[in-house]
Amino acid sequence: MDIISKFTLRNLKKNKKRSMGTIVGIMLATALMYTVVGMFANFRATMMSACIDQSGYFHVEIPYCDSQTYKELNENNYVKFRMSYKEFCEKSHLKYKEKPALTEDEKNSLRQEGMEPDNSVDCFIALNEPKKVDDFRKLLINKYKIPKEGIYENGELLAYETLKLSDNNMRSFFSIVVIILAIIMVATIFCIRNSFLISATEKKKMYGMLASIGATRKQIKKSVRKEGAILGAVGIPLGLILGNIAVFVLVIVLNIITKEYFRESAFDFKIVISIWAILLAIVLPIITIILSSKQAERQASKASPIENFRMSEDVKINSKKLKTPRIIDKLFGIGGVVAYKNLKRSGKTYRTTVISLTVSIFLFIGVYAFINEGLKQQSMQYGNTDYNLALYKPSNLDTVRQAAGNSTIYTEYTPKDDEYTAMDSSKLTKSGKTEEKNNINKKVDEEKIGKASVVALDDKEFKEYAEKIGVDYQDTKGKAILNDYFLKADKSGKRTLLKKYDYKSGDTLTYKGKEIVIGKVTDELLPRQGYNGATIVVEKSSIQDVTELKISWVSINAKDPYAIEKAIVKADPDAVVINMAENARSEQGMIIILSIFFYGFIIVVSLIGVTNIFNTITSNMELRQSELAMFKSMGMTRKEFRRMINLETIFYSTKSLIYGTVIGTLISYLLYRAFAVRMDMGYTFPIKGIVICIIAVFIIVSWIMHYSVSKIEKQNIIATIRNENI
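Colleague: Just give me the short version of the overall build of the chain, but keep the residues and values in it.
Modeller: Scanning the chain from N- to C-terminus turns up 25 helices and 16 strands. Looking at the chain as a whole, 47% of its 726 residues are labelled buried. Restricting the contact set of the chain to residue pairs at least 6 apart, pairs at least 24 apart contribute 82%. Surface summary for the chain: the accessible area is close to 38,100 Å², and the carbon and sulfur share equals 57%.

Colleague: Give a description of the packing of helix 15 (residues 397-404) against helix 20 (residues 561-571) that names residues and reports values.
Modeller: The relative placement of two packed helices is expressed as an angle between their axes plus a distance between the axes. Packing of helix 15 against helix 20 leaves a shortest axis separation of 9 Å and a crossing angle of 145°. Considering how the two elements wind past one another, helix 15 and helix 20 form a crossing that is right-handed. Taking contact as the criterion, the partners of Thr399, Ala403 and Ala404 in helix 15 are, on helix 20, Ile564, Ala567, Ile568 and Ala571. Of the residues that constitute the contact of helix 15 with helix 20, the class distribution is six nonpolar, one polar and no charged.

Colleague: Before we move on, can you summarise the environment of Gly660 with the specific residues and values?
Modeller: With respect to the secondary-structure elements, Gly660 resides in helix 23 (residues 638-676). Classification of Gly660 as buried rests on a relative accessible area of 0%. Along the backbone, Gly660 and Phe362 are 298 residues apart, and their C-alpha atoms lie at a distance of 4.7 Å. Beyond its immediate stretch of four places on either side in the chain, Gly660 contacts Thr358, Ile361, Phe362 and Ile365.

Colleague: An account of the packing of helix 2 (residues 16-55) against helix 7 (residues 155-162) is requested, with residue identities and associated values reported.
Modeller: Relative orientation of the contacting elements helix 2 and helix 7 amounts to 155°, with a least axis distance of 9 Å. Classified by the angle their axes make, helix 2 and helix 7 are roughly antiparallel. Here helix 2 and helix 7 pass one another in a crossing that is left-handed. Between helix 2 and helix 7, the contacting residues are Phe43, Arg44, Met47, Met48, Cys51 and Ile52 on the first element and Glu156, Leu157, Tyr160 and Glu161 on the second.

Colleague: Hey, could you go over a negative patch on the surface for me, with residue numbers and the actual values?
Modeller: Taken together, the side chains of Glu464, Glu467, Asp472 and Asp475 make up a negatively charged region of the molecular surface. Here Asp475 lies in helix 18 (residues 473-476).

Colleague: If you had to explain the nonpolar core to someone new, which residues and values would you point to?
Modeller: Membership of the largest hydrophobic core comes to 74 residues, with the highest contact counts inside it found for Leu181, Ile617, Met644, Tyr652 and Val701. If one sorts the elements of this core by residue count, helix 2 sits on top with 15 residues. With 34 residues, the next largest nonpolar core counts Leu397, Ala456, Ile536 and Ile551 among its residues.

Colleague: Requested: an account of the pairing of strand 6 (residues 408-415), with residues and values cited.
Modeller: Across the eight residues that make up strand 6, a large majority, six, are buried. Bridging between strand 6 and strand 15 (residues 549-557) involves eight bridges; their strand directions are antiparallel. Looking at the pairing, Tyr410 lines up with Ser555 of strand 15. Bridge count between strand 6 and strand 8 (residues 451-457): two bridges; the pairing is antiparallel. By the bridge assignment, Tyr413 is partnered in strand 8 with Ala456.

Colleague: I'd like a description of unusual backbone geometry, backed by residues and values.
Modeller: Although it is not a glycine, Lys145 sits at a positive phi angle of roughly 60°. Residue placement: Lys145 occurs in the loop between helix 6 (133-142) and strand 4 (152-153). Not every positive phi belongs to a glycine, and Lys512 is a case in point at roughly 55°. Locating Lys512 in the fold gives a position in the loop between strand 12 (508-511) and strand 13 (514-521). Looking at Lys512, the relative accessible area reads 36%, which means it is partly exposed.

Colleague: So, the side chain of Ser552: which residues are in play, and what are the values?
Modeller: Position of Ser552 relative to the elements: it lies in strand 15. Judged by its relative accessible area of 8%, Ser552 is buried. Sequence-distant contacts of Ser552, that is, excluding residues within four places in its chain, are made with Leu391, Tyr392, Lys393, Glu412, Tyr413 and Thr414.

Colleague: An account of a positive patch on the surface is needed here, citing residue identities and associated values.
Modeller: Together, Arg217, Lys221, Lys294 and Arg298 give the surface a local cluster of positive charge. Mapped onto the elements, Arg217 comes out in helix 10 (residues 217-261).

Colleague: Residues and numbers for the side chain of Asp122, please.
Modeller: Looking at the secondary structure, you find Asp122 in strand 3 (residues 120-127). Asp122 has contacts with Glu61, Ile62, Pro63, Met83, Ser84, Tyr85 and Lys99, leaving out every residue within four places of it along the chain.

Colleague: Could you give me a rundown of the packing of aromatic side chains, with the residues and numbers involved?
Modeller: Applying the stated criterion to the full structure yields nine aromatic pairs. On the numbers, 6.3 Å between centres and 75° between planes, the contact of Phe43 with Tyr160 is edge-to-face. Taken as a pair, Phe43 in helix 2 and Tyr160 in helix 7 lie far apart in primary sequence, 117 residues in all. Side by side, Phe43 and Tyr160 carry an identical accessibility label, which is buried. Ring geometry for Tyr57 against Phe81: centres 6.5 Å apart, planes inclined by 45°, an arrangement best described as tilted. Remark: Phe81 occurs in strand 2 (residues 79-84) and Tyr57 occurs in the loop between helix 2 and strand 1 (60-66); sequence separation between them is 24 residues. Residue class for Phe81 comes out buried when judged on its relative accessible area of 16%. Every member of this aromatic cluster is reached through a ring pair, and the members are Phe58, Tyr85, Phe88 and Phe124. Here the basic side chain of Lys427 rests over the ring of Tyr503, its NZ or CZ set 5.5 Å away from the ring centre.

Colleague: Run through the sheet that holds strand 4, naming residues and quoting values.
Modeller: The antiparallel open sheet is built from four strands, whose spatial order is 2-3-1-4. The sheet is open, and its two edges are formed by strand 2 and strand 4, each paired on a single side. In the sheet, strand 2 pairs with strand 3 via five bridges, with the strands oriented antiparallel. From the neighbouring strand, Val79 faces strand 3, where its bridge partner is Leu127. Helix 4 (residues 85-92) rests against strand 2 and strand 3 of the sheet, and its axis sits at about 110° to strand 2.

Criteria and thresholds
Residues numbered from 1 in each chain as written. Predicted model: local features only at pLDDT ≥ 70, side-chain atom pairs only at ≥ 80, totals over all residues. Heavy atoms only, no water. Helix = DSSP H or I, 4+ residues; strand = E, 2+ residues; numbered from the N terminus. Buried < 20%, exposed > 50% of the residue type's maximum accessible area, 1.4 Å probe, protein only. Contact = heavy atoms within 4.5 Å. Areas by Shrake-Rupley, 256 points an atom, 1.4 Å probe, with all protein chains shown as cover. Axes fitted to C-alpha atoms, helices over the stretch in contact; angles between N-to-C directions. Left-handed = near helix turned anticlockwise from the far one by under 90°. Nonpolar A, V, L, I, M, F, W, Y, C, P; charged D, E, K, R; others polar. Parallel < 35°, antiparallel > 145°, perpendicular 65-115°, else oblique. Patch = residues over 30% accessible without salt bridge, like charges linked within 9 Å, V, L, I, M, F, W, Y side chains within 5 Å. Salt bridge = Lys/Arg side-chain N within 4 Å of Asp/Glu carboxyl O. Lys, Arg positive; Asp, Glu negative; His and termini not counted. Charge placed at Lys NZ, Arg CZ, Asp CG, Glu CD. Core = buried A, V, L, I, M, F, W, Y, C linked by side-chain atoms within 4.5 Å. Pairing = 2+ DSSP bridges. Phe/Tyr/Trp six-rings, centres within 6.5 Å; stacked < 30°, edge-to-face > 60°. Lys NZ or Arg CZ within 6 Å of the ring centre and 35° of its normal.

So this is what it looks like as structure tokens:
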């Protein structure tokens, strides 16, 4: 081992705390990188397995493949195997259904497109190299003369199997992984870079001594690189071990959650050992360490031996910047003044600590806001309904009632022959006229243009609806409640609620010759209703004399919606049942999964930040121990000394909280705007997240500062002043 290597190793052993802090930072970063990439690989494998379970393993389907081409494809180099539809179902364990015979018109239509339906085979093909699917498609078109309309790709499987970024889902997942890895690298660079800079500052006099006896700049740079290599050699393998454990635990937890919350749609997450995940988790931390050490290399090697001995470049004093506000002197005394001046002259160390804290703060607030918005929308969408099962146009209401048992049932009716009534076009608002023109241009059904849909409720439910919108039932009895609002989306995707007509209470409508008085105009929807422009809600008894009604929706409020759903499906296999409880449960499960990932991510990034702060503050205090010992020797009391440290804590914490809360609040507002496209429920200021950050930041910074001070207080004042090196 050469002298430089021995020197580097001895220095790392001498500064065990900082070395351990840096190793922990590298280990956490490596573990998080491996977890992110490893979970991406596991998710990819899981989705591929789900695709295969659902639709079988194939890449290309040719529904009308002639028998000659079918034979030749078996010998094609691109093809792994090809099968007929029946063989494919048997191999894939899928239910085989005989396809209905084509009519002559359908056959002629296929022939016009270049496909021969007679004597053809529905051919399923798996490729040896799925990435070459585009080349195979060209071969089918050019050599076998199969029209492009007659070739279907298993796009979902191909997207996951080939990592096809043209697929929206795959591009989204890949973008998320890249962004998370970038954030981890930035956070880690701050941590490791700061550690190297502190190390270089500590050893400046040592570097000056080495340079004075003949060490070259190259050798001094080698010392810094050697330090990075040793720290990486320890931290990266530990990170890989921790990352594998994290992935294993995450997969187990996710499988428990999916089985609990997704029930019928649950699928098992796969555990795969990806060589690419391991390579990335090794290469990215190495790149991070190299980038982190560059500035320390330049700082250690650029100065002359004399400058290194004098350490004249470390502190640059500007008298204007060091001018202390009077309020600090009054509140904190001489200790506060010294603390303020120290933070101003040690600008680089101060900024690095503030940035580390700021990143952790705004990431936490952003994630907190994201999860809160998701929970709020989930509660709004599923928590306020008075039912948990919905049936669309059930064939037999008695069968449903029998299967539902003692559950509360609500029934919604629509006219059997004419579901719409004409509206007065002169009462269209400006936005309503624009919407009608758009509907005509989009070729919306003519029966819906200038009309309102008619919905009838049982008398009891109509009374409940009237009370819900804040009117007396007696004022609306025998009348109609009109909802004439619609949602308009602008180019950015933001949706605005607009009024379509200018009807008021007391105005009349005519339905099949019967005059109906409007009792109330509202924007309050029925549970199964959407903002579709215009809907009149009436009592079933008020229009039965002019039209025959049919059941449109049946809503059930069941104590056990899962058992009732099974009973209904068993009694009526063709029933279309929407389990709102299952939907809410599934969305809640998705929010829990996202919470685990996001909170796990923010905790690890925060831990990397904490190791950086710990290294920065403790090393800074150690570098200042001679200065602090001199203050004590001049008569600074323990109380004054503690006051000085408290002010530094306040400065670090307050500045970080100001920047972090401002950026975090901005992120929370941007997240609200993104969610508002789907459902706007108003912006909620993330006050709880900010309060958590304030408490956590002051506790962490205060503990680290006082931990460092307690170590210094135990030292002998004279010995500390005489000792020029750590």
